[in-house]
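# Structural overview
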Amino acid sequence: MFLSLGVIFVVGFLGGFLFEKIRIPKIVFYTILGILLGPSLLGFINEDLLNISSYLRQIALMIILTRSGLSLDIKKLKEIGRPAILMCFLPATFEIIGVIIFAPLLLGISYFEALLLGSVLGAVSPAIVVPRMIKLQSLHYGDKHHVSELIMATASCDDIYVITLFYAFKGLVANQTFDYWTLLEIPTSIIFGILFGVIVAVILIYLFKKVKINIVFKTIIIFGSSLIMMGVEELFKSYNITANYHIGLSSLLGIIVLGILLLKFLPNEAKEIKKGYDSLWNGFEILLFVLVGAIVDLKYAFSTAGAIFIGVIFLALIFRSIGVIISISFTNFTFKEKIFIIISYLPKATVQASIGGIALSEGLACGTMILTGVVISILITAPIGAILMDSLYKKLLNKDELLEQREVIN
């Protein structure tokens, strides 16, 4: 296991660095490395590591959501207004609808499975989008209409929305029934998850205000608290109220709420804690994408179904783009800016890698199909989205040269 981990981190870092130099997202290399080292090809990765990969992916998802919560400025969403609110859920909803329409027809899966697949594919990737928006801000492209701010503010909300739907739909697929008890579990899971997050946040905010603790230990405490929250969710699942219903509690939603409240009431500490999580993510990012690539079934990926999957992904992206267009209609954005916003909402990566293997690890019949779709979507949309953004931003966005000159003078 130590040899496997060492090779994953060293080769992953070096290869990712080279891919970034040629303007291809490093996560593409991580995924390819996982496929090469996994059981389908070289079989180099230790089997014990693969056996715990589902737990590692869950921790990676926890880190992603904590970072999202710590960077989600509700005030900024309110300032941008209607387009920001719609961008948080409408594009993903349209993409899920596209998958529901075409996946059963082309892949022969049930509508429940199409719901789950759509919720996996529906998220945009902050890992691809956010660094590029930060770059545009520094270069003052799209400043007049706050293009980069819109995309950064809504990308995290888009992920939160999709992940919440995924865990709701997962129960439907597992039961293969659409009964009232299953429906009841969705709102209770959301409500109890939010309440749990608020309770933990109040305790930690009080602790951080009353006791002097350095940022490193605060980060460790938040990380440990998030693990406890996920453990409590597992305990809740073991207590059934009826044969078909157990108390739902979304620990992941609670973790997001924890991050949001920390940013609101302890903004300076939250920014420092996020830096710690960013560093933590650098290692988990490599591990996450390599392990996702390692467990993909190449026979399925290169079968006719795998080829059809590409068509489903592109059809769903068309629906997603329609959702983006509706969200930003009747705004001050120019036609070119709207094209850029559509492009920025294409890449898939982080969320797909985090939740894509859950269906397989929990023994759902559609697990292999969903994981294969995840890998295909990452390998196609991540480089296409990144390359299009990098090559077209100068043509599609106007540069605020006056603001740049003022910064130079200052």
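Worth saying up front: this structure is predicted, and the values here are computed from it rather than measured.

Attention shifts here to the overall build of the protein. Looking only at helices and strands, one finds 21 helices and zero strands in the protein. Relative to the 2.2 N^0.38 estimate, which gives 22 Å for 410 residues, the radius of gyration of the protein is 21 Å and therefore close to what a compact globule would have. The C-alpha extent of the protein, read off along each of the three principal axes, is 65 × 55 × 50 Å. A burial count over the protein gives 53% of its 410 residues as buried. Taking the intrachain contacts of the protein between residues at least 6 apart in sequence as the baseline, contacts between residues at least 24 apart amount to 82%. When the 31 basic and 27 acidic side-chain charges of the protein are each reduced to a single mean position, those positions are 7 Å apart.

Within the element layout of this structure, K399 appears in the loop between helix 20 (367–396) and helix 21 (401–409). Among the residues examined, K399 registers a relative accessible area of 31% and is labelled partly exposed. Spatially, the C-alpha atom of K399 lies 35 Å from that of V120, the residues being 279 residues apart in sequence.

The next point concerns the packing of aromatic side chains. Here the structure, examined in full by the defined rule, presents five aromatic pairs. Ring geometry for F19 and F29: centres 5.3 Å apart, planes at 55°, overall tilted. With F19 in helix 1 (residues 2–21) and F29 in helix 2 (residues 26–37), this residue pair connects regions lying ten residues apart in the sequence. For F29, a relative accessible area of 16% gives the class buried.

Counting 132 residues, the largest nonpolar core has L116, L117, F340, I341 and I370 as its most contacted members. Element by element, the count of residues in this core is highest for helix 10 (residues 147–175), at 14 residues. When near neighbours in sequence (up to four residues on either side) are disregarded, F340 contacts M133, L136, V147, I151, M389, Y393, L396 and L397.

Now for helix 14 (residues 267–294). Between its first and last C-alpha atoms helix 14 spans 39 Å; for 28 residues at 1.5 Å apiece the expected length is 40 Å, and the two agree. Residue G283 marks the point of greatest curvature in helix 14, where the axis turns by about 30°.

Analysis parameters
Residues numbered from 1 in each chain as written. Predicted model: local features only at pLDDT ≥ 70, side-chain atom pairs only at ≥ 80, totals over all residues. Heavy atoms only, no water. Helix = DSSP H or I, 4+ residues; strand = E, 2+ residues; numbered from the N terminus. Rg over C-alpha atoms; globule rule 2.2 N^0.38 Å. Buried < 20%, exposed > 50% of the residue type's maximum accessible area, 1.4 Å probe, protein only. Contact = heavy atoms within 4.5 Å. Lys, Arg positive; Asp, Glu negative; His and termini not counted. Charge placed at Lys NZ, Arg CZ, Asp CG, Glu CD. Phe/Tyr/Trp six-rings, centres within 6.5 Å; stacked < 30°, edge-to-face > 60°. Core = buried A, V, L, I, M, F, W, Y, C linked by side-chain atoms within 4.5 Å. Expected span 1.5 Å × (residues − 1). Bend = angle between axes of the 7 residues up to and from the residue.

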